[in-house]
Amino acid sequence: NSIMNALYTTLIIALLSALIATILGTAAAIGIQAMRKKMRTVVTGVTNIPMLNADIVTGISLMLLFIACRFSLGFKTILIAHITFDIPYVILNVLPKLSNTSSHTYEAARDLGATPLYAFFKIVWPDIKPGVFSGFLMAVTMSLDDFSITYFTKGAGVNTLSTMIYTQLRKGIIPEMYALSTILFFLALVLLLIMNYRSVKDAKGRS
């Protein structure tokens, strides 16, 4: 039925957008870290803009962009929108980990004949893995919790739980929606607890 379809859509968009945003955000963070200090400051400032903007501003802006590019609003536009606002959270989780790594070790591995991919996974990846995982969890949480951006980019015939609850407010929300909302709330709570636990664990490991 429509409720289960909304639940599936919510979970698929959250997981898929978080996964893609994690890959793109990690690559972007590595690129930013390799920049000169002034350029890095500028790009980091630009990265913060989507997080400082109100969700409704971001949602309307993306909707107008999709319309200008003649995209039909639907599942794809929701996914692109979620990836767009998830990427900054991943970047800002990975960058602090990258700043604690030494580029000389990576360069030494390359000089000894390691391929770029092998050197990355053996030298860089173990140091940034906690930040990548935290960024992924934050992206999932933000996607599950989002309403405004989804509402403006979803088009007709596609619903997530948040948009379905909003449309049912006029008619009266059915009990099943309360149950599903509770499940999503506890899922987001568990993700946040895991993120906080990892942050505390990382802080203890550094001390």
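For the chain, the count of helices and strands is nine helices and zero strands. If you list the helices and strands of the chain from N to C, you get α-α-α-α-α-α-α-α-α. Along the three orthogonal principal directions, the C-alpha set of the chain runs to about 65 × 40 × 30 Å. For the chain, the share of sequence-separated contacts (at least 6 apart) that also reach a separation of at least 24 residues comes to 78%. Approximately 12,200 Å² of the chain is accessible, and the part contributed by carbon and sulfur atoms is 67%. In the chain, which carries 17 positive and 9 negative side-chain charges, the distance between the mean positions of the two groups comes to 4 Å.

Let's shift gears to the environment of V57. By the element assignment, V57 lies in helix α3 (residues 55-68). Under the relative-accessibility criterion, V57 is labelled partly exposed at 40%. With 92 residues separating them along the chain, V57 and I149 place their C-alpha atoms 8.4 Å apart.

The grouping of M4, Y8, I12, L16 and F75 at the surface amounts to a nonpolar patch, some 420 Å² of accessible area in total. For the nonpolar patch, the element with the highest residue contribution is helix α1 (residues 2-33), accounting for four residues. Tracing the sequence through the fold places Y8 in helix α1. The partly exposed category is assigned to Y8, whose relative accessible area is 46%.

With that settled, consider unusual backbone geometry. Located in the positive-phi region is R70, a residue other than glycine, with phi close to 60°. Of note, R70 is situated in the loop between α3 and α4 (75-99).

What counts, and at which threshold
Residues numbered from 1 in each chain as written. Predicted model: local features only at pLDDT ≥ 70, side-chain atom pairs only at ≥ 80, totals over all residues. Heavy atoms only, no water. Helix = DSSP H or I, 4+ residues; strand = E, 2+ residues; numbered from the N terminus. Contact = heavy atoms within 4.5 Å. Areas by Shrake-Rupley, 256 points an atom, 1.4 Å probe, with all protein chains shown as cover. Lys, Arg positive; Asp, Glu negative; His and termini not counted. Charge placed at Lys NZ, Arg CZ, Asp CG, Glu CD. Buried < 20%, exposed > 50% of the residue type's maximum accessible area, 1.4 Å probe, protein only. Patch = residues over 30% accessible without salt bridge, like charges linked within 9 Å, V, L, I, M, F, W, Y side chains within 5 Å. Salt bridge = Lys/Arg side-chain N within 4 Å of Asp/Glu carboxyl O.

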